[in-house]
Amino acid sequence: QVQLVESGGGLVQPGGSLRLSCAASGVTFSLYDMRWYRQALGKERERVAYISATGGSTNYEDSVKGRFTISRDNAKNTVYLEMNSLKPEDSAVYYCNAKSQRGPFTTFEYWGQGTQVTVSS
């Protein structure tokens, strides 16, 4: 059974920091590219950050560049999202996503249940 379990969300003041974690089980974690998405109330889900299976490649949504850092520890089957200089507009439910493409027609993809991040004074 595949599970992605996010943790680390909460309430933080503007300018503060949080570190989200996503622990994977039931998959060969090192074969999966990982992504963090977020969905604010009334808005569509958007991709925030990406890290390749080996950790050698990352990219970020423009609004979080320079503030958020994605990383992974394949020995711990965990991906992280370090969030600094948080703004109220970063408030959302954050989801981790695992995706692995095995050939042209086969993709394995899993989602976590989400963790709430609220940035407010």
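Above this text sits the structure in question.
Predicted model only: the values in this text are computed from it and were never measured. (Residues numbered from 1 in each chain as written. Predicted model: local features only at pLDDT ≥ 70, side-chain atom pairs only at ≥ 80, totals over all residues. Heavy atoms only, no water.)

I would appreciate a short explanation of the overall build of the chain in the present structure.
Looking only at helices and strands, the chain has zero helices and eleven strands in total. Ordered by position in the sequence, the α and β elements of the chain form the string β-β-β-β-β-β-β-β-β-β-β. Its C-alpha atoms give the chain a radius of gyration of 14 Å, near enough to 14 Å, the size a compact globule of 121 residues would have. A principal-axis box enclosing the C-alpha atoms of the chain has dimensions of 45 × 25 × 25 Å. Taking the contacts inside the chain whose residues are at least 6 apart along the sequence as the reference set, 52% of them involve residues at least 24 apart. Charge-centre separation for the chain: the mean point of 13 positive side chains lies 3 Å from the mean point of 11 negative side chains. (Helix = DSSP H or I, 4+ residues; strand = E, 2+ residues; numbered from the N terminus. Rg over C-alpha atoms; globule rule 2.2 N^0.38 Å. Contact = heavy atoms within 4.5 Å. Lys, Arg positive; Asp, Glu negative; His and termini not counted. Charge placed at Lys NZ, Arg CZ, Asp CG, Glu CD.)

For this particular structure, what's the right way to read the environment of D90?
Note that D90 resides in the loop between β8 (78–83) and β9 (92–101). On the accessibility criterion, D90 (1% relative accessible area) is buried. The sequence separation of D90 and P14 amounts to 76 residues, and the corresponding C-alpha distance is 9.5 Å. Contacts of D90, omitting those with residues within four sequence positions, involve R38, R67, F68, S85, V117 and V119. Polar contacts involving the side chain of D90 include one to the side chain of R38, which spans 2.9 Å. (Buried < 20%, exposed > 50% of the residue type's maximum accessible area, 1.4 Å probe, protein only. Polar contact = N/O pair within 3.5 Å; in protein donor to acceptor, adjacent residues only side chain to side chain.)

Hey, could you run me through the nonpolar core in this one?
The nonpolar side chains of a soluble globular protein tend to be buried, and buried together. Of all hydrophobic cores here, the largest spans 28 residues; its most connected members are W36, L81, M83 and Y94. Residue assignment for this core shows that the elements contributing at least two residues are β3 (18–25), β4 (33–39), β5 (46–51), β7 (68–73), β8, β9 and β11 (115–119). Excluding residues within four positions of it along the chain, Y94 makes contact with E6, L20, W36, Y37, R38, V48, F68, L81, M83, G114, T115 and V117. (Core = buried A, V, L, I, M, F, W, Y, C linked by side-chain atoms within 4.5 Å.)

Which parts of the structure should I look at to understand unusual backbone geometry?
Peptide bonds are mostly trans, and most non-glycine residues show a negative phi. One non-glycine residue, N77, lies in positive phi territory at about 55°. Tracing the backbone through its elements, the reader meets N77 in the loop between β7 and β8.

Help me understand the pattern of salt bridges, please; the structure alone is not making it clear to me.
Here the idea is simple: oppositely charged side chains can pair when their charged atoms come close. Tallied over the entire structure, the rule returns five salt bridges. With a shortest N-O distance of 2.7 Å, E46 and R38 are connected by a salt bridge. E46 gets classed as partly exposed once you look at its relative accessible area, which sits at 30%. For R38, a relative accessible area of 6% puts it in the buried group. Residue D90 is joined to R67 by a salt bridge in which the shortest nitrogen-to-oxygen separation is 2.7 Å. (Salt bridge = Lys/Arg side-chain N within 4 Å of Asp/Glu carboxyl O.)

Would you mind showing me how to read the sheet that holds strand β1 (residues 3–7) here?
Backbone-to-backbone hydrogen bonds pair the strands of a sheet. The strands run either parallel or antiparallel. The four strands lie next to each other as β1-β3-β8-β7, forming an open sheet whose pairing is antiparallel. In this open sheet, the two edge strands, each paired with only one partner strand, are β1 and β7. Recorded for the sheet is a direction-independent mean angle of 15° between the axes of neighbouring strands. With five bridges joining them, β1 and β3 adopt antiparallel strand pairing. Across the sheet, the residue bridging to E6 is C22, located in β3. (Pairing = 2+ DSSP bridges. Axes fitted to C-alpha atoms, helices over the stretch in contact; angles between N-to-C directions.)

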